[in-house]
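Understanding the architecture of this molecule
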Amino acid sequence: MGVASCVYDPRPMTCDPAEPVARALRAAIAAECGIDPANADPRVQPAANPAFGDLQANFAMALAKQCGRNPRDLAQAVIARLGDDLSDRCEPLQVAGPGFINITLRPAALGAALQAFDAPNLGIEPPADTHTCAVDLCGVNVAKQMHVGHLRATIIGDTIARTYERLGWRVFRQNHLGDWGLPIAMTLASLRRRGTDLATLTLDDLNAAYRSAQAEGRDDEAGLAAVHACGCGPHRLAELEAQHEGASAAIADAKSTLVRLQSGDASLVRDWERIIEVTMREVYAAADLLNVRLDPASEKGESSFRDELAPVVESFERAGLATIDQGALVVRYPERERPMLIRKSDGAFLYATTDLAALRHRIQGLGAERVIYCVDARQRDHFKDVFDAVRMIGWTRLTRRRDGHDVEVECQLVHVPFGTVLGADKKPLKTRSGENFTLKALLDEAIDRGVREVTARAADPASPTHGMSADELHAIGQAVGIAAVKYADLGGEVSRDYVFDLDRMVAFEGDTGPYLQYAHARIASMLAKAGDAAAWTDAPIDPAAPEEKALGFAILRYPAAVRSAADHCAPSTICAYLYALANAFNAFYQACPVLKCDDARVRASRLRLAHLTRRTLADGLSLLGISAPSRM
Ligand code: ARG
């Protein structure tokens, strides 16, 4: 999954104390072994056991094998090469076991790093040059209810977009609406047959119209079974459905409606626009509730590429990459049997053709050097085909300005294939009547649970929320319910299926969204009781206790976690980071008195550390689009 490798980036990550250590070791390894620094990864990571230090470097075992040396000797030789390079930051480096290097930072170095981190950007510097990416998200099909799958495409996409934005990239969110194919024509035709009044149209009407159109169109069981057997995926299926000999009158009606719509029939176009409006109103309402940034500027549906389909196909023909196969036009690949259909025998274009046009626009038009698709795993083959075709034709090459020079870069194409949301029965989540859960129903239930949880807690006189109005409690409960759903969706590896279990998701304990919000709110409550902030906002940070040091390291790993989440398109990296940070804070809070500490210097240092934790938690949660209330 994801971007294959994380490119070695020579820019220092501000504030991370592991960074200068790794840099010095890299140079020493390169010199000792006579290799390129880019290949001299010192493999610095947090110490497995804090008793032996703060960090460890694990390069020696593998590298010694490559150069036929003894790992402990190699580690020692690299340390000797360092000379005094790290002596102001670290205690003398120690070789241990088969050749690990244990590294203990001097407390002053950690304190200084934390003070430098305590700036508005929290250690994340924007890149010197412009970096651009496009994120394909949401992708709802007009005239159909947004369902749980679109929930994932929307929140995973939004989180990835926010992560790149946070790193200073220019991000184009692209909502590839299904607004131009046969399904919408089926709905249009069915609405007309039913004589529905479009002025008062609701999404439920649309849904009903689409469902009945589907039922009417389903007449050729054998033909459909054949298409299923090819494993062509939902889109090709829908498209091929239309090609059947013996298609029903309803399909014929839908096909002729599609042709009239596509050739600009004014009254059909008006109805079509109305359907889009009704659908999108609901989508934006859900996006608002989910705290997802989605707006009409990101709407770039299938219909917007309609005039580019013929030219795209011609480009493939001209490049000698498309061949006629039984009247249809296909792209073939050197190493696989499955071709990609880009024009049907009746001259119609396909889902894949539209994606080729959209991808060309994203790279050549928007200038994206990374295009990220948050689309469910069942479309894996589809994107493999589209990406390879675009690479074969050479549309992925673009020129970028880097360090004052124009360089040729290859656009990276990434599909983030996500898994299915399952019910308690481990089958795709359905309502009791067997229908797909609408997004609205699901969020309403989560919010209801959040409000109940928060209201119950507010009954405790010791709770900071005690005595709040019902409206205030509702607002917090809504934030909790949404956090529960989003965090559960983002916290696991995205490609995995997961069970939708509200009980677990809204719990205030464990690896949940509400737990992180609660950790944040507890720190905020403590800081509110700490009196005049001027006494500690600029105080020297002096992490002395082991739990204090551990918290300091956890905070400083934030920029690396954000960068890694972006590089690997893995929101779960941010979730895991925040969970570890909240746990490090709790361990610190148990071991180290803060408000009750009598030593004014230590108290101020701890308050500043707590404040930094609060800000880092809030910043990380904002990447997930999860709000951080200050009282819970
Ligand atoms: N409308 C599609 C669906 O519901 C998702 C669109 C994904 N994006 C894309 N560029 N094909 O399955």
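Residues numbered from 1 in each chain as written. Predicted model: local features only at pLDDT ≥ 70, side-chain atom pairs only at ≥ 80, totals over all residues. Heavy atoms only, no water.

Quick notes on the confidence of the model for the protein
It should be kept in mind that the predicted coordinates are not to be read in detail where pLDDT is low. Averaged over all residues, the pLDDT of the protein equals 90, while 92% of them reach at least 70. Of the regions scoring below 50 in pLDDT, residues 1-12 engages in 22 contacts with residues more than four places distant in sequence or in other chains. (pLDDT = per-residue confidence, 0-100. Contact = heavy atoms within 4.5 Å.)

Description of the sheet that holds strand 5 (residues 132-136)
Strand order across the open sheet formed by four strands is 6-5-10-13, with parallel pairing between neighbours. What marks the edges here is a single partner per strand, and that holds for strand 6 (170-174) and strand 13 (412-418). Within this sheet the neighbouring strands show an average axis-to-axis angle of 15°, counted without direction. As paired elements, strand 10 (residues 370-376) and strand 13 share seven bridges and run parallel to each other. If you follow Y373 over to strand 13, its bridge partner there is H415. Contacting strand 5, strand 6, strand 10 and strand 13, helix 13 (residues 351-365) crosses the sheet at an angle of about 145° to strand 10. In the packing of helix 14 (residues 380-393) onto the sheet, the strands contacted are strand 10 and strand 13, and the crossing angle to strand 13 comes to about 175°. (Pairing = 2+ DSSP bridges. Helix = DSSP H or I, 4+ residues; strand = E, 2+ residues; numbered from the N terminus. Axes fitted to C-alpha atoms, helices over the stretch in contact; angles between N-to-C directions.)

Describing the site of the ligand
Taken together, the neighbourhood of the ligand is formed by twelve residues, with D136, G139, N141, Y351 and D355 sitting nearest. Here a nitrogen atom of the ligand and a side-chain polar atom of D355 are 2.8 Å apart. In the model, an oxygen atom of the ligand is placed 2.9 Å from a nitrogen or oxygen of the Q379 side chain. Contact with the protein chains removes 93% of the 350 Å² of surface that the ligand exposes when unbound. Looking at the shell around the ligand, the elements with two or more residues in it are helix 13 and strand 10. Here the shell around the ligand is built from residues that sort into four nonpolar, six polar and two charged. (Near = heavy atom within 4 Å. Polar contact = N/O pair within 3.5 Å; in protein donor to acceptor, adjacent residues only side chain to side chain. Areas by Shrake-Rupley, 256 points an atom, 1.4 Å probe, with all protein chains shown as cover. Nonpolar A, V, L, I, M, F, W, Y, C, P; charged D, E, K, R; others polar.)

Focus: the pattern of salt bridges
On inspection of all chains with the given rule, the structure shows 33 salt bridges. The residue D118 makes a salt bridge to R615 at a minimum N-O spacing of 2.8 Å. In this pair, D118 is assigned in the loop between helix 4 (107-117) and strand 5 and R615 in helix 22 (residues 600-623), connecting sequence segments 497 residues apart. Like D118, the residue R615 is buried in the burial classification. As a salt-bridge pair, D388 and R336 come within 2.9 Å of each other at their nearest N and O atoms. Of the two residues, D388 sits in helix 14 while R336 sits in strand 9 (residues 336-343), which places them 52 residues apart along the sequence. A network of salt bridges, in which partner residues are shared, links R336, R338, D381, D385, D388 and R391. (Salt bridge = Lys/Arg side-chain N within 4 Å of Asp/Glu carboxyl O. Buried < 20%, exposed > 50% of the residue type's maximum accessible area, 1.4 Å probe, protein only.)

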